[in-house]
Amino acid sequence: MRLVDLRRVRWQNRIQFFAIAARVMRRVLVDHARGHTALKRGGARCRVSLSDQVAVTPARDIDLLDLDAALDKLGTTNPRLIDLVVMRFFGGLTIEETAEAVQSSPATVKRDWIRARAWLFRELRHQVAARSDRVSGRQPRASCSRDARRVRSPSVRLSGSHPE
Amino acid sequence: VISESWEDVFAVFDAAVATSGVERDALLARECGDDAWLRGEVESLLAEVWRALPCHMTRSRPVSNRVISSG
């Protein structure tokens with residue numbers, strides 16, 4: 001099991017402990033899901049819910065391995081959002097606790113959580129569609145990734161919309 | 001350059017997520033201009049927020065649904 005060396009960690013406070021524990025939890029659960037999938041060989045994959053603890057919304061069942069892959073991809077485009085998702089999803093930290101852990105404001109964390117969830121849901125939808133296409137032998141669908149962009153237009157910014 | 005690009009997307013997304021209907025369309029037209037990639041990215045992200053909302057919390061159907069369904 002790939003755990004951090006607990007003897008070398010100086011806990012600043014309870015929140016920092018849970019933030020690190022969330023990263024460990026991600027590794028443990030993903031490793032378990034991979035082992036489970038390998039045993040099943042084409043059988044059922046582990047499914048979890050990515051629910052929103054901020055607003056009352058219906059939970060969505062998602063594949064844990066798909067989520068892990070989506071998080072890795074998120075890291076290539078928006079690395080700042082990974083820690084937030086891991087803490088919220090795998091660690092169960094609240095908006096306020098996450099804000100304390102990343103030394104940011106609750107408003108910024110809430111904004112980033114909405115961003116991350118929208119991005120992840122879209123990515124997961126693409127993954128499911130791509131898998132379906134592979135199974136049915138269809139051509140892959142057009143990607144919405146940044147790489148698909150041909151022309152980069154001048155930067156567009158909304159003044160005052162970034163409460164950092 | 002990459003992060004700037006995504007910051008552009010999320011900057012418009014942040015502003016648009018609190019709007020709907022005509023107000024949202026006007027905002028997207030104003031902020032995205034003729035940048036089809038930027039508008040597509042924002043609209044597809046907004047569509048995910050729309051899907052997560054319970055029916056009684058949605059005020060009007062966003063343009064963004066057309067992007068996902070046509071993809």
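The present account deals with the structure reproduced in this document. Please read all numbers here as calculations on a predicted model, not as lab measurements.

Looking at the pattern of salt bridges
Residues and elements named next belong to chain A.
Here's step 1: Under the counting rule described, the total for this entry stands at 19 salt bridges over all chains.
Here's step 2: One salt bridge in this structure joins Arg131 and Asp66, with 2.7 Å as the shortest N-O distance. Here Asp66 lies in helix α2 (residues 64-77) and Arg131 lies in helix α5 (residues 106-136), a separation of 65 residues in the sequence.
Here's step 3: One salt bridge in this structure joins Glu123 and Lys73, with 3.3 Å as the shortest N-O distance. With a gap of 50 residues between them, Glu123 in helix α5 and Lys73 in helix α2 connect regions that are remote in the sequence.
Here's step 4: With relative accessibility at 9%, the residue Glu123 sits in the buried group.
Here's step 5: Under the relative-accessibility criterion, Lys73 is labelled partly exposed at 35%.
Here's step 6: Linked by salt bridges that have partners in common, Arg26, Arg27, Asp31, Arg34, Asp68 and Asp72 make up one network.

Points about the packing of aromatic side chains
Here's step 1: Going through the model one piece at a time under the given rule, you end up with five aromatic pairs over all chains.
Here's step 2: On the basis of an interplanar angle of 35° and a centroid distance of 5.8 Å, the ring pair of Trp6 of chain B and Phe10 of chain B is categorised as tilted. Residue Trp6 of chain B and its partner Phe10 of chain B are both found in helix α1 (residues 2-16); the two are separated by four residues, about one turn of the helix. Of the two residues examined, Trp6 of chain B and Phe10 of chain B, each falls in the buried class.
Here's step 3: Ring centres 6.3 Å apart and planes at 75° place the aromatic pair Trp6 of chain B and Trp37 of chain B in the edge-to-face group. Taken together, the positions of Trp6 of chain B in helix α1 and Trp37 of chain B in helix α3 (residues 36-52) put the pair 31 residues apart, joining distant regions of the chain.
Here's step 4: An aromatic cluster is built from Trp6, Phe10, Phe13 and Trp37 of chain B, whose rings are joined through pairwise contacts.
Here's step 5: One residue, Arg88 of chain A, lies across the ring of Trp113 of chain A, its end atom 4.6 Å from the ring centre.

Describing unusual backbone geometry
All names here are of chain A.
Here's step 1: For Gln103, which is not glycine, the phi dihedral falls at a positive 55°.
Here's step 2: Note that Gln103 resides in the loop between α4 (95-102) and α5.
Here's step 3: Assessed through its relative accessible area of 71%, Gln103 is described here as exposed.

Some details on the side chain of Arg122 of chain A
Here's step 1: Among the secondary structure elements, Arg122 of chain A is positioned in helix α5.
Here's step 2: In terms of polar contacts, Arg122 of chain A uses its side chain to reach the side chain of Glu41 of chain B, at 3.0 Å.
Here's step 3: A distance of 2.6 Å separates the side chain of Arg122 of chain A from the side chain of Ser44 of chain B, its partner in a polar contact.

Reading the values: rules and limits
- Residues numbered from 1 in each chain as written.
- Chains lettered and ligands numbered in written order.
- Predicted model: local features only at pLDDT ≥ 70, side-chain atom pairs only at ≥ 80, totals over all residues.
- Heavy atoms only, no water.
- Salt bridge = Lys/Arg side-chain N within 4 Å of Asp/Glu carboxyl O.
- Helix = DSSP H or I, 4+ residues; strand = E, 2+ residues; numbered from the N terminus.
- Buried < 20%, exposed > 50% of the residue type's maximum accessible area, 1.4 Å probe, protein only.
- Phe/Tyr/Trp six-rings, centres within 6.5 Å; stacked < 30°, edge-to-face > 60°.
- Lys NZ or Arg CZ within 6 Å of the ring centre and 35° of its normal.
- Polar contact = N/O pair within 3.5 Å; in protein donor to acceptor, adjacent residues only side chain to side chain.

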